Amino acid sequence: MAIALDKRAPLDAERLRQDFPILMKPQDGRRLVYLDSASSAQKPRQVIDKLAEVYETGYANVHRGVYRLGAIATEAYEGSRDTVAAFLNAPDRREVIFTRDTTEGLNLVAYAYGRSMIGPGDAIVSTEMEHHSNLVPWQFLAQQTGATLHYLRLTPEGSLDPESLAKLEDVENVKLVAVGHVSNSLGTINDVPALARWAHERGAVLVVDGAQAAPHRRIDVQQLGADFYAISGHKMCGPGAGALWGRAELLERMPPFLTGGEMIRKVELERTSWNDLPWKFEAGTPAIAESIAFGTAVEYLQSIGMDAIEAHEHDLVAYGYDVLAGIDGVTQYGPPPPNRAGILSFNLDGVHPHDVAQVLDSEAICVRAGHHCTQPLMRAFDLVATTRASVYLYNTREDIDRLAEGIEKVKRTFR
Amino acid sequence: MDDFYRENILDHYKNPRNAGHLDAPAATAEGVNPLCGDELSIELEVDDGVVTDVRYNGRGCAISQAAASMLSETIVGRRVDELSSVGKDEVLEELGIPLSPIRLKCAMLSVGVLKVALNQLTGEPLPEEWAGSDEIRWNSA
């Protein structure tokens, strides 16, 4: 085990925190406790500076300008694609498509792959723990194509129920399986390789919502066995840009998603031929500076080490889970550590999560309250909402202790 | 910010006025806040154009439930056609605290279901911002 530990050199969150200007700015005179990175992560100075640098020294549209600035911007933009491709261990840089975010990546698959490859009599499989962005596109696709839609259910603990998978054994013509790598509401880590095998045995493709995994752990799309993997840069300390990885042979067979400029090779009045991968799927002017700074964010994470980030979060969430378990009136949801990513989801007896979050805000603590865009999951647990605290590389045990103090204040307020 | 949960808000939240049901309501309406899943229903008893009794039922945050409780106390005895003027200003005055746009939605849920109930009584079209707040139109094939 010593080798595994060596690979996970601890990170110094207190020092990393100083890279994030917003975290260094006190709120009401108190150290800001940011526990909503699952929703969107804060940005380090390196990423903020990169955005300014692009606009100040290297900005122009990409793939168009003959002039030098255009070449500089194009080189940086395509360089960022290489960075993201390496981060995902994509076998081919042409398989990485820049998007706005995970939602756009999943919709790209639902429209371009789904509407051309799926029809009446086909089946789609997803799970009831999905974020709406990995559920509504498939539901809408099923409605529009006449395909049937089947869901894996949850165990009381909040993991995918193997029995519900067994029940789908005889479903015919399964064409697509869509699953989240990590649940944004519960922190459950799903067994993607097993689901990939299940999908591939049936000739189906596996679409993975990687929004909650890519910021926090090493991602190897080849090892996972995924066919599509969508991520959001803004959850990875980057700006508003994301990426979709897809296997080249699939992307090549797919029609485009959006059409227009950039994604064409030749246009006549009656017909058009498509550009090569990945640009076939990047119609119009992309988010240039954001995509470039997305690469900077990925480099920032890699400089810390994804294994170190994962280990740090496992430590924090194990600590947080114990601390919350020690507070009278707190009910937690999702699997207990260690099989759990950096998300704590809980309720406090007799107090609505909105009120919990409001009181915590008065203590300079940012948490999310609501259904977290997972209404079917909430319904499965007979919940309306939960309070969610999510950790990242810049959080410390002190943040968890402040959360616990804040919850005590909530209890005093609503006593 | 520490004044947010003032005593009167917590009192109405913990001891909601006019909670329960009426035997024969003249109008019943319900609504949800999709943001947080708060649910609220209202029942009105009306005699000769005047609200004679009201009941609110729901589950949700302190702001949404306290606002409903407070509002219920102010509408009994008022004319139905006069209640169409009830809106943001009145609710904020009752609560006595400033609200962010997100929390304002919590407070306004009680106004929304009231408007839907009034719509049933008077037949007047709902104001645009409340249209559809009484029903969910499911998308389907």
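Residues numbered from 1 in each chain as written. Chains lettered and ligands numbered in written order. Predicted model: local features only at pLDDT ≥ 70, side-chain atom pairs only at ≥ 80, totals over all residues.

Peer 1: A description of the overall build of chain B should follow, citing residues and the corresponding values.
Peer 2: From N to C terminus, chain B includes four helices and three strands. When its helices and strands are written in sequence order, chain B yields α-β-β-β-α-α-α. The buried share of chain B, taken over its 141 residues, is 38%. Contacts in chain B between residues far apart in sequence, at least 24 positions, make up 63% of those at least 6 positions apart. (Helix = DSSP H or I, 4+ residues; strand = E, 2+ residues; numbered from the N terminus. Buried ≥ 20, exposed ≤ 12 C-beta atoms within 10 Å, placed from the backbone. Contact = placed C-beta atoms within 7 Å.)

Peer 1: Please provide a residue-by-residue account of the interface of chain A and chain B, values included.
Peer 2: If you look at the interface, chain A gives twelve residues, while chain B gives 14 residues. Among the elements that line the side of chain A that touches chain B, the one with the most residues is helix 13 (residues 353-362) of chain A, at five residues. In terms of residue class, the side of chain A that touches chain B is made up of two nonpolar, eight polar and two charged. (Nonpolar A, V, L, I, M, F, W, Y, C, P; charged D, E, K, R; others polar.)

Peer 1: Now, about the confidence of the model for chain B: what can you tell me, with residues and values included?
Peer 2: Across chain B, the average pLDDT comes to 86, with 89% of residues at or above 70. As a predicted assembly, this complex carries a pTM of 0.92 together with an ipTM value of 0.84. (pLDDT = per-residue confidence, 0-100.)

Peer 1: If you had to explain the sheet that holds strand 14 (residues 368-370) of chain A to someone new, which residues and values would you point to?
Peer 2: Two modes of strand pairing occur in sheets, parallel and antiparallel, and in both the strands are linked by backbone hydrogen bonds. Residue and element names in this part refer to chain A. The antiparallel open sheet is built from four strands, whose spatial order is 11-12-15-14. The open sheet terminates on both sides in strands that have one partner only, identified here as strand 11 (330-333) and strand 14. With strand direction ignored, the average angle separating the axes of adjacent strands in the sheet is 30°. Bridging between strand 14 and strand 15 (residues 386-390) involves three bridges; their strand directions are antiparallel. Within strand 15, the residue paired with arginine 368 across the bridge is arginine 388. (Pairing = 2+ DSSP bridges. Axes fitted to C-alpha atoms, helices over the stretch in contact; angles between N-to-C directions.)

Peer 1: Break down the sheet that holds strand 2 (residues 96-99) of chain A for me, citing the residues and quoting the values.
Peer 2: Residue and element names in this part refer to chain A. Taken in spatial order, the seven strands line up as 2-8-7-6-5-3-4 in an open sheet, and their pairing is mixed. Whereas interior strands pair on both sides, the edge strands pair on one side only; in this sheet they are strand 2 and strand 4 (148-152). Sheet twist, expressed as the mean angle between neighbouring strand axes with direction ignored, is 20°. As judged from the five bridges shared by strand 7 (residues 228-232) and strand 8 (residues 242-246), these two strands associate in the antiparallel manner. Looking at the pairing, phenylalanine 228 lines up with glycine 246 of strand 8.

Peer 1: Explain the packing of helix 11 (residues 288-304) of chain A against helix 12 (residues 306-325) of chain A to me, and be specific about the residues and the numbers.
Peer 2: Residue and element names in this part refer to chain A. Here helix 11 crosses helix 12 at 75°, and the two axes come no closer than 5 Å. With respect to helix 12, the element helix 11 is oriented roughly perpendicular. Within the contact between the two elements, helix 11 uses Leu301, Gln302 and Ile304 and helix 12 uses Met306, Ala308 and Ile309. For the contact of helix 11 with helix 12, the per-class residue count stands at five nonpolar, one polar and no charged. (Parallel < 35°, antiparallel > 145°, perpendicular 65-115°, else oblique.)

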